[in-house]
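What the coordinates show
Below, each chain spelled out in residue letters.
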Amino acid sequence: MAARKHVQIAGLCLIGALLGGLACVFLGSQLDTILPHFLLDHVLSPEELRDEAIRDRTLEALKAAKSGHARYWYLVGGLLVIISGVGLWAISAEMRRQEEASDSGRSP
């Protein structure tokens, strides 16, 4: 029974990793559109932020100079999804094996 509990806990952890991986992929897809707006506060002073012409030019320059961080988020998210997917597949096979062993009357 303790082994079954450990398998369930591992499954929950892998589901969390799967959701985290999907969140990384989503964040990576949104990063190139969101990041330039966040960087404006660091690049421009408050007076420059109030000037629409300077703000718009700087925003366009930041959009043109994409950092490429999104690919790292895609990579991390993809790895998490793949690893957790394989882990969940292995855990489901283990749970089936334990159920078959308990149905046949012997302990796993």
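All values reported here derive from a predicted model rather than from experimental measurement. (Residues numbered from 1 in each chain as written. Predicted model: local features only at pLDDT ≥ 70, side-chain atom pairs only at ≥ 80, totals over all residues. Heavy atoms only, no water.)

Where helix H1 (residues 2-43) meets helix H3 (residues 52-64), the axes come as close as 10 Å, and the angle between the chain directions of the two elements is 125 degrees. Relative to H3, the element H1 lies oblique. Crossing of H1 over H3 shows right-handed handedness. In contact with Pro36, His37, Leu39, Leu40 and Val43 of H1, H3 contributes Arg55, Thr58, Leu59, Leu62 and Lys63. For the contact of H1 with H3, the residue count by class is 6 nonpolar, 2 polar and 2 charged. (Axes fitted to C-alpha atoms, helices over the stretch in contact; angles between N-to-C directions. Helix = DSSP H or I, 4+ residues; strand = E, 2+ residues; numbered from the N terminus. Parallel < 35°, antiparallel > 145°, perpendicular 65-115°, else oblique. Left-handed = near helix turned anticlockwise from the far one by under 90°. Contact = heavy atoms within 4.5 Å. Nonpolar A, V, L, I, M, F, W, Y, C, P; charged D, E, K, R; others polar.)

Attention now moves to the pattern of salt bridges. Applying the stated criterion to the full structure yields 2 salt bridges. The residue Arg50 makes a salt bridge to Glu47 at a minimum N-O spacing of 4.0 Å. Within this pair, Arg50 and its partner Glu47 are both found in helix H2 (residues 46-50), separated by 3 residues, close to a single helical turn. Since its relative accessible area comes to 53%, Glu47 is described here as exposed. (Salt bridge = Lys/Arg side-chain N within 4 Å of Asp/Glu carboxyl O. Buried < 20%, exposed > 50% of the residue type's maximum accessible area, 1.4 Å probe, protein only.)

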